[in-house]
Amino acid sequence: MRQFATVVCIVTILSLITACSIFRPANQSQPPMTTAAALWQYITTEDLYTEWEPFGDTEGLLQGAPPHGPKIKIYPNRLANESVYTAKENSIIVMENYDKNGTTLLTINLMQKRSGYAPSAGNWFWATYEPDGTVIEEGRIKSCVECHVSMAFDDYTFIHQW
């Protein structure tokens, strides 16, 4: 009887390990929390931001507002999309800024939630890129912080305001 119980335990443990590995998401890599250049590499090669599911109310090309482009597209990663009122750590939101016709990509903005990074700015790291990924600015970008602080009640995002 003791051997039977041992065998059952071993089989159960092996089954759980197998089930966990089967249902593990395909992309196990985590976004880097270092530089804007490392984040660009991640969102354009390892976890393509253009394939992320949009927020339900931000699909497609939207009307933008300064300092962003006249037209914008918003891409939240899975963590950001699952967040309700406060983004989870490592949430990333990418915004593509287009010209008034929505045909020419002007710049790309990124926000990444980092625990303890900038408490007075919702712990967001900001980055602005040229369309080719060249970093224009990164970190606690003063203009981003000054604008987004007005949305502290909505985790410093304007996402659902567009």
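In this report, the structure presented in the accompanying data block is examined. (Residues numbered from 1 in each chain as written. Predicted model: local features only at pLDDT ≥ 70, side-chain atom pairs only at ≥ 80, totals over all residues. Heavy atoms only, no water.)

**Notes on the overall build of the protein**
The condition that has to hold: Numbering of helices and strands runs from the N terminus, with a helix taken as a DSSP run of H or I at least four residues long and a strand as a DSSP run of E at least two residues long. Relative accessible area decides the class of each residue, using a 1.4 Å probe on protein chains only: under 20% of the type maximum gives buried, over 50% gives exposed, and in between gives partly exposed. Two residues form a contact once any of their heavy atoms are found within 4.5 Å.
In terms of regular secondary structure, the protein is built from 4 helices and 6 strands. Put simply, the protein runs from its N terminus to its C terminus through helices and strands in the order α-α-β-β-α-β-β-β-β-α. Within the protein, buried positions represent 39% of all 162 residues. Long-range pairs, those at least 24 residues apart, make up 43% of the contacts in the protein between residues at least 6 apart in sequence.

**Structural notes on the packing of aromatic side chains**
For clarity, the threshold we go by: Any two rings among Phe, Tyr and Trp, with Trp reduced to its six-membered ring, count as a pair given centres within 6.5 Å; such a pair is stacked if its planes are under 30 degrees apart, edge-to-face if over 60, and tilted if neither.
Inspection of the entire model under this criterion finds 4 aromatic pairs. Where Tyr-49 meets Tyr-75, the ring centres are 5.2 Å apart and the plane angle is 80°; that geometry is what we call edge-to-face. Separated by 26 residues along the polypeptide, Tyr-49 in the loop between helix H2 (36-46) and strand S1 (62-63) and Tyr-75 in strand S2 (residues 71-76) bring together distant segments of the chain. When sorted by exposure, Tyr-49 lands in the same class as Tyr-75, which is buried. Between Tyr-117 and Phe-125 the ring centres are 5.7 Å apart and the planes differ by 70°, which places this aromatic pair in the edge-to-face class. Judged by its relative accessible area of 2%, Phe-125 falls in the buried class.

**So, H2**
Which entries qualify depends on this criterion: Here the arc refers to the directions that run from the helix axis out to each C-beta atom.
Listed in full, the buried residues belonging to H2 are Ala-36, Leu-39, Trp-40, Tyr-42 and Ile-43. For H2, the buried positions fall inside an angular range of 165° around the axis, keeping them on one side. Close packing links the buried residues of H2 with strand S3 (92-98), strand S4 (105-113), strand S5 (124-129) and strand S6 (135-139).

**Some remarks on the pattern of salt bridges**
Defined as follows: Take a side-chain nitrogen of Lys or Arg and a carboxyl oxygen of Asp or Glu: if they are within 4 Å of each other, that pair is a salt bridge.
A complete count under the given rule lists 4 salt bridges for this structure. For Glu-82, the salt bridge goes to Arg-78, with nearest N and O atoms at 3.3 Å. You can see Glu-82 and its partner Arg-78 sitting in helix H3 (residues 78-82), 4 residues apart, about one turn around the helix. Put simply, Glu-146 and Lys-142 hold a salt bridge, and the shortest N to O gap is 3.8 Å. Taken together, the residues span about one helical turn, with Glu-146 and Lys-142 both in helix H4 (residues 142-148) at a distance of 4 residues. Exposure class is identical for Glu-146 and Lys-142. Each is exposed.

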